[in-house]
Structure formats: C-alpha cells, structure tokens
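Observations on chain architecture
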Amino acid sequence: MTGHHVLTWDVTASGGLETAWVEIGHDPAGPAGLRGRGRAAGREPEPYWLSYALETTGADFVTRRLTVRVEDANGSRERELRRSTAGGWTVDGGARPDLEGALDCDLGLCPLTNTMPVLRHALHREPGEHRFLMAWVSVPDLTVRPSRQTYTHLGRTAAGGAVVRYASEGFAADVEFDADGLVTEYPRLARRIAP
C-alpha cells in the first residue's frame, strides 16, 4: 500500500511556509520506504529559499539520501547526505564517522523529517519511547552535526493519530501526528494548513 500526500505547513519558527510531496510505501511485496521533496521559504533567521529531496529505504524508513539547496543573500549552497547500507555516512562525499549509528537525517525547521522514527516504531499508533542519533542539518547555513533525540508516545488523538514528545538537548515539544505518521502540529515550529 502506498500513500501519496501533498502537505503544506505554516512554519512559524521561520516566518515562512513549506510544501512537501510525499510517497509512503508499506507493502512488503512492493516498494517500501518514504520519498519526499519539498520547498520552503523563510524569513528567520534571515530570508531564504530552500529545496530538498529525501529518500529512505525499506520498511524501517532508514535514510538513504538527503539533498538540500538553500539560496539567501550570501548566495546558494548545497549539501548531500548519504547513508550506506553498512551504516556509514558521507556529507558532500566526505566520510562522517561522527554520524555512525544514525538511521535518520533531521532537516532543521522541516516537519517531514520527524516522520521516519515515528513510522519505524509505530509511535503514531502505540506506546513506546526510543532514543536516536540523528544527522541534523541546520537551516539556512546547512551545517551538519550529530544530534541525540528522544521520541515518546504520549497518547492517541481523536483523529486516529498520536501526540509524541520530541526531546533534544534541553528542548522538548509535544508533536501531533496524523494516522499516517505525518506532522499536523509541532508547537513553536509548524502547523499543517488544511488542503
């Protein structure tokens, strides 16, 4: 079973908007994983345009590749993160052993990249708490660094999704996901705009 989604968020943290085109495959007999591409425009911390493409693999939704391009007053820059099947990461072709053990990327100010760990552990459907190492990409400068994060299922919503607590380095937010594991509301970061 594959789900096709077009999502738009009001990204309050950047004073902008993001739209993502997402395909999620769950069928073990067919393509499994998540593919997404998105565009965003923000005003904070400075005006920028951003585009990205995300590809995960398998029923565990492990990141295979993330490419990001940003344009701002300083020009344009790009990053490409890749994770090998053996678990090694590269950023723009250079090895990044500090990211070893990470299964996911986390693109700053992007609600879509919270989906992979939630789908992997069905946190939008059932209780659990899981700790992760993420390859975190800062926006708009595109610095990449390791980030320790925890996701905790807090309860189901009336709409069939769940509230999951995200915590990292002194920051925490109770994020609402829909029944497909996609962010509907991320306090202080973004809120989905109804189609």
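Residues numbered from 1 in each chain as written. Predicted model: local features only at pLDDT ≥ 70, side-chain atom pairs only at ≥ 80, totals over all residues. Heavy atoms only, no water.

Things to note about unusual backbone geometry
We apply this condition: Secondary structure follows DSSP: runs of H or I at least 4 residues long count as helices, runs of E at least 2 residues long count as strands, and numbering of each begins at the N terminus. Any residue under 20% of the maximum accessible area for its type is buried, any over 50% is exposed, and the rest in between are partly exposed; the area is computed with a 1.4 Å probe on protein chains only.
For the bond running from Glu44 to Pro45, omega is 0°, close enough to zero to count as cis. When you line up the elements, Pro45 lands in the loop between β3 (33-42) and β4 (48-57). That bond from Val139 to Pro140 is cis: its omega, 10°, falls within 30 degrees of zero. Secondary-structure assignment places Pro140 in the loop between β10 (129-137) and β11 (144-156). The backbone phi angle of Asp92 is positive, close to 50°, even though this residue is not glycine. In this fold, Asp92 is placed in the loop between β7 (89-91) and β8 (94-95). Look at Asp92 and you get partly exposed, because its relative accessible area is 44%. In this structure, Glu169 takes a positive phi of about 45° despite not being glycine.

A few points about the nonpolar core
Here is the rule we go by: Put simply, a nonpolar core is a bunch of buried Ala, Val, Leu, Ile, Met, Phe, Trp, Tyr and Cys residues held in one set by side-chain atoms that sit within 4.5 Å of each other. Any pair of residues with heavy atoms lying within 4.5 Å of one another is described as a contacting pair.
Counting residues in hydrophobic clusters, the biggest one holds 48 residues, and the most contacted among them are Leu50, Tyr52 and Leu112. In contact with Tyr52, other than residues within four places in its own chain, are Glu18, Ala20, Gly36, Arg37, Gly38, Arg39, Leu66, Thr67, Val68, Leu107, Cys110 and Leu112.

Quick look at the pairing of strand β6 (residues 75-83)
To keep it simple, the criterion reads: A pair of strands counts as paired when DSSP detects no fewer than two bridges linking them.
Relative to β6, strand β5 (residues 62-72) runs antiparallel, the two sharing 8 bridges. Paired with Val70 across the two strands is Arg77, which belongs to β6. The hairpin formed by β5 and β6 contains 2 residues between the paired strands. Across 3 bridges, β6 lies against β7 in antiparallel orientation. Among the inter-strand pairings, Leu81 is bridged to a residue of β7, identified as Val91. Hairpin connection between β6 and β7: a loop of 5 residues separates the two successive antiparallel strands, and Gly87 in this loop has a positive phi of roughly 100°.

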